[in-house]
Amino acid sequence: MVNGRIDQLTIADKSFDSRLLIGSATYPNSQIMLDSIRASGAEIVTVAIRRVSLEGGAETVIDLLSGEFHILPNTAGCYTARDAVLTAQLAREALATNWVKLEVIGDRETLYPDAEHLLQAAEDLVEDGFIVMPYCTDDPILCRKLQDIGCAAIMPLGSPIGSGMGIVNPYNLEIIRAQTSVPLIVDAGIGTASDAALAMELGCDGVMLASAVAKARDPIGMANAMRHAIEGGRLAHLSGRIPRKRHAEASSPQRGVIGT
Amino acid sequence: MSWTISVNGKDKSTTIKTIAGLLDAEGVDPAAQFLAVAINGDVVPRSEWGAVKICPGDVIEIVTPAPGG
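Residues numbered from 1 in each chain as written. Chains lettered and ligands numbered in written order. Predicted model: local features only at pLDDT ≥ 70, side-chain atom pairs only at ≥ 80, totals over all residues.

Visitor: I would appreciate a short explanation of the overall build of chain B in the present structure.
Guide: Each helix and strand in chain B was counted, giving 1 helix and 5 strands. The order of α-helices and β-strands along chain B, N terminus first, is β-β-α-β-β-β. Against the compact-globule benchmark of 11 Å for 69 residues, chain B has a radius of gyration of 12 Å, which places it among compact chains. With the principal axes as the frame, chain B shows a C-alpha extent of 45 × 25 × 20 Å. Residues classed as buried in chain B amount to 29% of the 69 residues present. Considering only contacts in chain B between residues 6 or more positions apart, those separated by 24 or more positions represent 55%. (Helix = DSSP H or I, 4+ residues; strand = E, 2+ residues; numbered from the N terminus. Rg over C-alpha atoms; globule rule 2.2 N^0.38 Å. Buried ≥ 20, exposed ≤ 12 C-beta atoms within 10 Å, placed from the backbone. Contact = placed C-beta atoms within 7 Å.)

Here it is as C-alpha coordinates:
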(Lines give C-alpha, C1' and ligand atoms only; values in the text may rest on other atoms or scores of the structure.)
Protein backbone atom coordinates (compact mmCIF):
# COMPACT_ATOMS: atom_id res chain seq x y z
CA MET A 1 0.00 0.00 0.00
CA VAL A 2 1.39 3.37 -1.04
CA ASN A 3 -0.22 6.64 0.07
CA GLY A 4 -3.46 4.88 0.94
CA ARG A 5 -3.72 3.23 -2.46
CA ILE A 6 -3.77 -0.49 -3.01
CA ASP A 7 -1.08 -2.28 -4.97
CA GLN A 8 -1.44 -2.62 -8.71
CA LEU A 9 -2.88 -5.60 -10.53
CA THR A 10 -0.60 -6.87 -13.26
CA ILE A 11 -1.93 -9.11 -16.02
CA ALA A 12 0.52 -10.19 -18.71
CA ASP A 13 2.56 -7.03 -19.36
CA LYS A 14 -0.01 -4.46 -18.21
CA SER A 15 -0.55 -2.99 -14.74
CA PHE A 16 -3.77 -1.51 -13.45
CA ASP A 17 -4.57 0.64 -10.41
CA SER A 18 -8.03 -0.92 -10.13
CA ARG A 19 -8.67 -4.56 -9.30
CA LEU A 20 -12.21 -4.41 -10.61
CA LEU A 21 -13.13 -5.56 -14.10
CA ILE A 22 -16.57 -4.55 -15.22
CA GLY A 23 -19.07 -5.42 -17.95
CA SER A 24 -20.75 -3.00 -20.33
CA ALA A 25 -24.14 -4.72 -20.70
CA THR A 26 -27.63 -4.52 -19.18
CA TYR A 27 -27.41 -0.97 -17.82
CA PRO A 28 -30.60 1.10 -18.04
CA ASN A 29 -28.93 3.28 -20.70
CA SER A 30 -25.55 4.23 -22.15
CA GLN A 31 -25.06 7.28 -19.95
CA ILE A 32 -25.67 5.31 -16.76
CA MET A 33 -23.27 2.67 -18.08
CA LEU A 34 -20.56 5.24 -18.59
CA ASP A 35 -21.18 7.00 -15.28
CA SER A 36 -21.23 3.66 -13.43
CA ILE A 37 -18.01 2.40 -14.98
CA ARG A 38 -16.31 5.68 -14.15
CA ALA A 39 -17.62 5.54 -10.57
CA SER A 40 -16.35 1.97 -10.19
CA GLY A 41 -12.81 3.03 -10.98
CA ALA A 42 -12.48 0.01 -13.27
CA GLU A 43 -9.95 0.28 -16.06
CA ILE A 44 -10.76 -3.01 -17.79
CA VAL A 45 -14.19 -3.15 -19.45
CA THR A 46 -15.56 -6.19 -21.23
CA VAL A 47 -17.48 -6.17 -24.49
CA ALA A 48 -19.07 -8.94 -26.54
CA ILE A 49 -18.58 -9.53 -30.26
CA ARG A 50 -21.79 -9.63 -32.27
CA ARG A 51 -22.99 -9.52 -35.85
CA VAL A 52 -23.40 -5.94 -37.07
CA SER A 53 -26.94 -4.82 -37.47
CA LEU A 54 -27.60 -4.68 -41.20
CA GLU A 55 -30.73 -2.69 -40.46
CA GLY A 56 -28.82 0.46 -39.63
CA GLY A 57 -26.54 1.75 -36.93
CA ALA A 58 -27.33 2.82 -33.42
CA GLU A 59 -24.58 4.37 -31.33
CA THR A 60 -22.23 1.56 -30.42
CA VAL A 61 -20.87 0.81 -26.99
CA ILE A 62 -17.32 0.79 -28.25
CA ASP A 63 -17.52 4.40 -29.45
CA LEU A 64 -18.26 5.39 -25.85
CA LEU A 65 -15.61 3.23 -24.22
CA SER A 66 -12.59 3.12 -26.49
CA GLY A 67 -9.75 5.41 -25.60
CA GLU A 68 -10.84 5.74 -21.97
CA PHE A 69 -10.72 2.08 -20.92
CA HIS A 70 -8.75 -1.09 -21.60
CA ILE A 71 -11.25 -3.04 -23.69
CA LEU A 72 -11.43 -6.77 -23.02
CA PRO A 73 -13.49 -8.64 -25.61
CA ASN A 74 -15.24 -11.78 -24.49
CA THR A 75 -16.45 -14.85 -26.34
CA ALA A 76 -19.79 -14.95 -24.53
CA GLY A 77 -22.45 -16.97 -26.29
CA CYS A 78 -20.01 -19.47 -27.82
CA TYR A 79 -20.72 -23.15 -27.23
CA THR A 80 -17.76 -24.69 -29.04
CA ALA A 81 -14.01 -24.20 -29.00
CA ARG A 82 -14.18 -23.46 -32.73
CA ASP A 83 -16.68 -20.60 -32.35
CA ALA A 84 -14.81 -19.19 -29.35
CA VAL A 85 -11.49 -19.19 -31.21
CA LEU A 86 -13.02 -17.51 -34.27
CA THR A 87 -14.77 -14.93 -32.05
CA ALA A 88 -11.46 -14.14 -30.34
CA GLN A 89 -9.76 -13.79 -33.72
CA LEU A 90 -12.54 -11.49 -34.95
CA ALA A 91 -12.20 -9.45 -31.76
CA ARG A 92 -8.47 -9.15 -32.34
CA GLU A 93 -9.12 -7.82 -35.82
CA ALA A 94 -11.93 -5.45 -34.76
CA LEU A 95 -10.27 -4.08 -31.64
CA ALA A 96 -6.57 -4.53 -32.36
CA THR A 97 -6.09 -6.42 -29.10
CA ASN A 98 -4.83 -9.90 -28.41
CA TRP A 99 -6.54 -10.00 -25.02
CA VAL A 100 -9.62 -12.16 -24.64
CA LYS A 101 -11.92 -13.19 -21.84
CA LEU A 102 -12.58 -16.72 -22.95
CA GLU A 103 -16.05 -18.12 -22.36
CA VAL A 104 -17.21 -21.42 -23.77
CA ILE A 105 -20.65 -22.14 -22.41
CA GLY A 106 -21.92 -25.67 -22.02
CA ASP A 107 -25.53 -25.15 -21.15
CA ARG A 108 -28.07 -22.34 -21.53
CA GLU A 109 -29.71 -23.02 -18.15
CA THR A 110 -26.64 -22.91 -15.92
CA LEU A 111 -24.27 -21.01 -18.23
CA TYR A 112 -21.59 -23.27 -16.79
CA PRO A 113 -18.49 -23.57 -18.95
CA ASP A 114 -17.87 -26.64 -21.06
CA ALA A 115 -14.53 -27.68 -19.59
CA GLU A 116 -13.48 -29.81 -22.56
CA HIS A 117 -14.08 -27.08 -25.13
CA LEU A 118 -12.70 -24.42 -22.80
CA LEU A 119 -9.37 -26.21 -22.46
CA GLN A 120 -9.17 -26.79 -26.21
CA ALA A 121 -9.97 -23.15 -27.01
CA ALA A 122 -7.51 -21.90 -24.39
CA GLU A 123 -4.76 -24.05 -25.85
CA ASP A 124 -5.47 -22.89 -29.41
CA LEU A 125 -5.60 -19.22 -28.43
CA VAL A 126 -2.44 -19.30 -26.31
CA GLU A 127 -0.72 -20.98 -29.26
CA ASP A 128 -2.05 -18.18 -31.49
CA GLY A 129 -0.48 -15.51 -29.26
CA PHE A 130 -3.51 -14.41 -27.26
CA ILE A 131 -3.55 -13.15 -23.67
CA VAL A 132 -6.20 -15.63 -22.51
CA MET A 133 -8.36 -15.04 -19.44
CA PRO A 134 -10.75 -17.98 -19.13
CA TYR A 135 -14.06 -17.93 -17.28
CA CYS A 136 -14.25 -21.31 -15.57
CA THR A 137 -15.82 -23.21 -12.73
CA ASP A 138 -14.24 -23.11 -9.26
CA ASP A 139 -12.68 -26.51 -9.93
CA PRO A 140 -9.06 -26.57 -8.75
CA ILE A 141 -8.07 -29.18 -11.34
CA LEU A 142 -9.55 -27.25 -14.25
CA CYS A 143 -7.95 -24.02 -12.98
CA ARG A 144 -4.57 -25.72 -12.71
CA LYS A 145 -4.84 -27.07 -16.24
CA LEU A 146 -5.77 -23.63 -17.59
CA GLN A 147 -2.74 -22.14 -15.87
CA ASP A 148 -0.48 -24.89 -17.19
CA ILE A 149 -1.71 -24.20 -20.73
CA GLY A 150 -0.41 -20.65 -20.37
CA CYS A 151 -3.48 -18.56 -19.57
CA ALA A 152 -2.58 -15.07 -18.36
CA ALA A 153 -5.22 -15.10 -15.61
CA ILE A 154 -7.77 -17.56 -14.26
CA MET A 155 -11.37 -16.45 -13.76
CA PRO A 156 -13.38 -18.92 -11.70
CA LEU A 157 -17.02 -18.18 -10.95
CA GLY A 158 -18.23 -17.35 -7.46
CA SER A 159 -21.65 -18.71 -8.46
CA PRO A 160 -23.59 -18.91 -11.75
CA ILE A 161 -23.52 -15.90 -14.10
CA GLY A 162 -26.10 -13.29 -13.17
CA SER A 163 -27.27 -15.26 -10.12
CA GLY A 164 -26.10 -12.76 -7.51
CA MET A 165 -25.48 -15.71 -5.20
CA GLY A 166 -22.03 -14.50 -4.22
CA ILE A 167 -19.21 -16.89 -3.43
CA VAL A 168 -20.79 -20.23 -2.70
CA ASN A 169 -17.58 -22.19 -2.22
CA PRO A 170 -14.91 -20.03 -0.58
CA TYR A 171 -12.95 -23.17 0.35
CA ASN A 172 -12.42 -24.06 -3.29
CA LEU A 173 -11.27 -20.53 -4.03
CA GLU A 174 -8.72 -20.84 -1.21
CA ILE A 175 -7.41 -24.05 -2.73
CA ILE A 176 -7.26 -22.45 -6.18
CA ARG A 177 -5.54 -19.39 -4.73
CA ALA A 178 -2.89 -21.52 -3.09
CA GLN A 179 -2.01 -23.31 -6.31
CA THR A 180 -2.32 -20.40 -8.77
CA SER A 181 0.54 -18.05 -9.56
CA VAL A 182 -1.13 -16.06 -12.35
CA PRO A 183 -3.77 -13.47 -11.40
CA LEU A 184 -6.92 -15.03 -9.99
CA ILE A 185 -10.07 -13.07 -10.72
CA VAL A 186 -13.48 -14.08 -9.43
CA ASP A 187 -15.87 -13.82 -12.33
CA ALA A 188 -19.63 -14.18 -12.04
CA GLY A 189 -22.09 -14.45 -9.22
CA ILE A 190 -21.19 -11.27 -7.34
CA GLY A 191 -24.41 -9.81 -5.91
CA THR A 192 -23.33 -7.03 -3.61
CA ALA A 193 -20.31 -5.30 -2.12
CA SER A 194 -19.61 -7.87 0.61
CA ASP A 195 -19.31 -10.62 -2.03
CA ALA A 196 -16.58 -8.63 -3.77
CA ALA A 197 -14.86 -7.89 -0.47
CA LEU A 198 -14.90 -11.59 0.43
CA ALA A 199 -13.30 -12.50 -2.89
CA MET A 200 -10.47 -10.10 -2.18
CA GLU A 201 -10.11 -11.20 1.47
CA LEU A 202 -9.71 -14.78 0.22
CA GLY A 203 -6.67 -13.58 -1.66
CA CYS A 204 -8.07 -13.24 -5.14
CA ASP A 205 -6.34 -10.62 -7.25
CA GLY A 206 -9.45 -9.08 -8.72
CA VAL A 207 -13.17 -9.26 -9.28
CA MET A 208 -15.11 -9.21 -12.53
CA LEU A 209 -18.77 -8.26 -12.35
CA ALA A 210 -21.54 -6.87 -14.48
CA SER A 211 -25.14 -7.43 -13.36
CA ALA A 212 -24.46 -6.56 -9.70
CA VAL A 213 -23.85 -2.97 -10.77
CA ALA A 214 -25.84 -2.71 -14.00
CA LYS A 215 -29.04 -4.11 -12.49
CA ALA A 216 -28.79 -2.46 -9.06
CA ARG A 217 -31.51 0.07 -8.27
CA ASP A 218 -28.77 2.71 -8.32
CA PRO A 219 -25.99 1.43 -10.59
CA ILE A 220 -23.68 4.39 -9.93
CA GLY A 221 -24.06 3.98 -6.17
CA MET A 222 -23.36 0.26 -6.42
CA ALA A 223 -20.35 0.90 -8.64
CA ASN A 224 -18.94 3.10 -5.89
CA ALA A 225 -19.73 0.43 -3.31
CA MET A 226 -17.85 -2.18 -5.36
CA ARG A 227 -14.82 0.05 -5.70
CA HIS A 228 -14.64 0.52 -1.92
CA ALA A 229 -15.35 -3.16 -1.24
CA ILE A 230 -12.56 -4.31 -3.49
CA GLU A 231 -10.09 -1.84 -2.07
CA GLY A 232 -11.17 -2.73 1.48
CA GLY A 233 -10.98 -6.44 0.79
CA ARG A 234 -7.55 -6.15 -0.76
CA LEU A 235 -6.23 -4.12 2.16
CA ALA A 236 -7.72 -6.59 4.62
CA HIS A 237 -6.04 -9.46 2.79
CA LEU A 238 -2.67 -7.70 2.73
CA SER A 239 -3.00 -6.66 6.37
CA GLY A 240 -3.87 -10.12 7.70
CA ARG A 241 -7.08 -10.95 9.50
CA ILE A 242 -6.93 -12.16 13.10
CA PRO A 243 -7.56 -15.86 13.73
CA ARG A 244 -11.11 -16.99 14.48
CA LYS A 245 -11.57 -18.13 18.10
CA ARG A 246 -14.40 -19.82 19.90
CA HIS A 247 -13.97 -17.69 23.03
CA ALA A 248 -14.09 -13.99 23.72
CA GLU A 249 -10.88 -12.10 24.29
CA ALA A 250 -11.30 -8.69 25.90
CA SER A 251 -9.51 -5.83 24.25
CA SER A 252 -9.79 -3.50 27.25
CA PRO A 253 -7.32 -4.10 30.14
CA GLN A 254 -8.66 -6.50 32.77
CA ARG A 255 -6.85 -4.76 35.63
CA GLY A 256 -7.81 -1.47 37.28
CA VAL A 257 -11.54 -1.80 36.74
CA ILE A 258 -13.40 0.20 39.42
CA GLY A 259 -15.21 -1.68 42.17
CA THR A 260 -12.71 -4.55 42.15
CA MET B 1 -25.39 -13.99 -63.16
CA SER B 2 -25.93 -13.86 -59.40
CA TRP B 3 -25.08 -16.44 -56.77
CA THR B 4 -26.02 -17.15 -53.19
CA ILE B 5 -23.93 -16.39 -50.13
CA SER B 6 -24.72 -16.29 -46.42
CA VAL B 7 -24.23 -12.96 -44.66
CA ASN B 8 -24.65 -12.94 -40.88
CA GLY B 9 -26.85 -16.00 -41.04
CA LYS B 10 -29.06 -14.83 -43.91
CA ASP B 11 -28.91 -16.15 -47.47
CA LYS B 12 -28.43 -13.43 -50.05
CA SER B 13 -28.33 -13.39 -53.81
CA THR B 14 -25.48 -11.22 -55.00
CA THR B 15 -23.07 -10.34 -57.78
CA ILE B 16 -20.64 -8.51 -55.49
CA LYS B 17 -17.13 -9.92 -55.49
CA THR B 18 -15.28 -8.13 -52.68
CA ILE B 19 -15.86 -7.64 -48.97
CA ALA B 20 -15.55 -3.89 -49.33
CA GLY B 21 -18.29 -3.97 -51.96
CA LEU B 22 -20.46 -6.24 -49.84
CA LEU B 23 -20.16 -4.00 -46.76
CA ASP B 24 -21.10 -1.01 -48.87
CA ALA B 25 -24.12 -2.80 -50.29
CA GLU B 26 -25.21 -3.83 -46.78
CA GLY B 27 -25.08 -0.25 -45.57
CA VAL B 28 -21.97 -0.77 -43.45
CA ASP B 29 -19.22 1.80 -43.97
CA PRO B 30 -16.10 -0.24 -44.86
CA ALA B 31 -13.96 2.55 -43.41
CA ALA B 32 -15.72 2.37 -40.02
CA GLN B 33 -13.59 1.40 -37.04
CA PHE B 34 -14.12 -1.75 -34.98
CA LEU B 35 -15.31 -4.06 -37.76
CA ALA B 36 -14.15 -7.58 -38.48
CA VAL B 37 -15.06 -10.04 -41.19
CA ALA B 38 -14.68 -13.80 -41.52
CA ILE B 39 -15.27 -15.95 -44.57
CA ASN B 40 -15.90 -19.64 -43.96
CA GLY B 41 -14.42 -19.46 -40.47
CA ASP B 42 -11.28 -17.51 -41.34
CA VAL B 43 -10.77 -13.86 -40.44
CA VAL B 44 -10.04 -11.67 -43.45
CA PRO B 45 -7.78 -8.76 -42.46
CA ARG B 46 -9.07 -5.32 -43.36
CA SER B 47 -6.15 -4.83 -45.74
CA GLU B 48 -7.55 -7.63 -47.90
CA TRP B 49 -11.17 -6.48 -48.03
CA GLY B 50 -10.69 -5.01 -51.49
CA ALA B 51 -8.85 -8.02 -52.85
CA VAL B 52 -10.34 -11.26 -51.49
CA LYS B 53 -12.89 -12.71 -53.90
CA ILE B 54 -16.28 -13.77 -52.59
CA CYS B 55 -17.27 -17.17 -53.99
CA PRO B 56 -20.70 -18.80 -54.36
CA GLY B 57 -21.74 -20.49 -51.12
CA ASP B 58 -19.39 -18.46 -48.92
CA VAL B 59 -20.49 -18.03 -45.32
CA ILE B 60 -19.62 -14.48 -44.26
CA GLU B 61 -19.72 -13.02 -40.76
CA ILE B 62 -19.49 -9.27 -40.18
CA VAL B 63 -19.08 -8.38 -36.51
CA THR B 64 -18.46 -5.48 -34.18
CA PRO B 65 -18.16 -5.03 -30.40
CA ALA B 66 -21.43 -4.90 -28.46
CA PRO B 67 -22.32 -4.52 -24.79
CA GLY B 68 -21.12 -7.57 -22.87
CA GLY B 69 -20.32 -8.91 -19.43
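Visitor: Explain the overall build of chain A here, please?
Guide: Counting secondary structure elements, chain A contains 9 helices and 10 strands. In terms of overall dimensions, chain A is globule-like: its C-alpha atoms have a radius of gyration of 20 Å, near the 18 Å expected for 260 residues. Reported as C-alpha extents along the three principal axes, the dimensions of chain A are approximately 85 × 40 × 35 Å. Per-residue burial over chain A gives 46% buried out of 260 residues.

Visitor: Would you mind showing me how to read the interface of chain A and chain B here?
Guide: One frequently used descriptor of interface size is the decrease in accessible area upon assembly of the parts. Taken together, the 26 residues of chain A in the interface contact 20 residues of chain B. Of the pairings in the sheet, the one linking strand β4 (residues 44–51) of chain A to strand β5 (residues 59–67) of chain B comprises 5 bridges and is antiparallel in character. Looking at the pairing, A48 of chain A lines up with A66 of chain B of β5 of chain B. (Pairing = 2+ DSSP bridges.)

Visitor: So what exactly am I meant to see when it comes to helix α4 (residues 115–127) of chain A here?
Guide: Helical geometry note: an α-helix holds 3.6 residues per turn, so side chains three or four residues apart project in the same direction. Residues and elements named next belong to chain A. Taking 1.5 Å per residue, 13 residues should reach 18 Å; α4 reaches 18 Å between its end C-alpha atoms and fits that length. For α4, the full list of buried residues reads H117, L118, L119, A121, A122 and L125. Packing partners of the buried residues in α4 comprise α3 (81–95), β6 (99–102), β7 (131–136) and α5 (140–149). At the exit of α4 stands G129, carrying a positive phi of roughly 90 degrees. (Expected span 1.5 Å × (residues − 1).)

Visitor: What exactly am I supposed to notice about the environment of D187 of chain A here?
Guide: All names here are of chain A. Mapping D187 onto the fold places it in strand β9 (residues 185–187). Distance from D187 to L157, taken between C-alpha atoms, is 4.7 Å for residues 30 residues apart in sequence. In this structure, D187 is in contact with Y135, M155, P156, L157 and M208, ignoring residues within four places of it in sequence.

Visitor: Please clarify how the packing of α5 of chain A against helix α6 (residues 170–179) of chain A should be interpreted in this entry.
Guide: Packed helix pairs are characterised by how far apart their axes lie and by the angle those axes make with each other. Residues and elements named next belong to chain A. The geometry of α5 relative to α6 is characterised by a closest axis approach of 9 Å and an angle of 25 degrees between their N-to-C directions. Taken as axis vectors, α5 and α6 run roughly parallel relative to one another. When you trace α5 past α6, the crossing you get is right-handed. Contacts between α5 and α6 pair P140, C143 and R144 from the former with N172, I175, I176 and Q179 from the latter. Here the contact of α5 with α6 is composed, by residue class, of 4 nonpolar, 2 polar and 1 charged. (Axes fitted to C-alpha atoms, helices over the stretch in contact; angles between N-to-C directions. Parallel < 35°, antiparallel > 145°, perpendicular 65-115°, else oblique. Left-handed = near helix turned anticlockwise from the far one by under 90°. Nonpolar A, V, L, I, M, F, W, Y, C, P; charged D, E, K, R; others polar.)

Visitor: How should the pairing of β6 of chain A be read in this particular structure?
Guide: Consecutive side chains of a regular strand alternate in pointing toward one face of the sheet and then the other. Residue and element names in this part refer to chain A. Taking every second residue as pointing to the same face, both faces of β6 are buried, with W99 and K101 on one and V100 and L102 on the other. Taken together, the 4 bridges between β6 and β7 define a ladder with parallel strand orientation. Residue pairing in the sheet places K101 in a bridge with M133 of β7. In this fold, the crossover linking β6 to β7 by way of α4 has right-handed handedness. (Right-handed = clockwise from strand over helix to strand, strands pointing away.)

Visitor: What should I look at first to understand the nonpolar core in this one?
Guide: Considering soluble globular proteins, one finds that nonpolar side chains tend to be buried as a cluster. Core analysis: the largest hydrophobic core is formed by 97 residues, its most contacted members being L102, V132, A196, V207, L209 and M226 of chain A. A total of 9 residues in this core trace back to one element, the largest contributor, which is α3 of chain A. (Core = buried A, V, L, I, M, F, W, Y, C linked by C-beta atoms within 7 Å.)

Visitor: Help me out: how do you make sense of the sheet that holds β7 of chain A in this one?
Guide: Sheets are built from strands paired through backbone hydrogen bonds, the pairs being either parallel or antiparallel. All names here are of chain A. Spatially, the 3 strands line up as an open sheet ordered β6-β7-β8, and their pairing is parallel. Either end of the sheet is taken by a strand with one partner, and the two such strands are β6 and β8 (155–156). By the bridge criterion, 2 bridges tie β7 to β8 in an arrangement that is parallel. Looking across to β8, one finds that C136 is bridged to P156.

Visitor: Teacher, can you tell me more about the environment of A197 of chain A here?
Guide: Take A197 of chain A: it is sitting in helix α7 (residues 193–201). Ignoring any residue separated from it by four or fewer positions in sequence, one finds A197 of chain A in contact with A229, G232 and G233 of chain A.

Visitor: Teacher, can you tell me more about helix α1 (residues 30–40) of chain A here?
Guide: Residues and elements named next belong to chain A. For α1, the set of buried residues is M33, S36, I37 and S40. End-on, the buried residues of α1 take up no more than an arc of 95 degrees, which puts them together on one face. Backbone geometry just after α1 places G41 at a positive phi near 80 degrees. (Arc of directions from axis to C-beta.)

Geometric descriptors of this kind do not, in isolation, establish any biological role.
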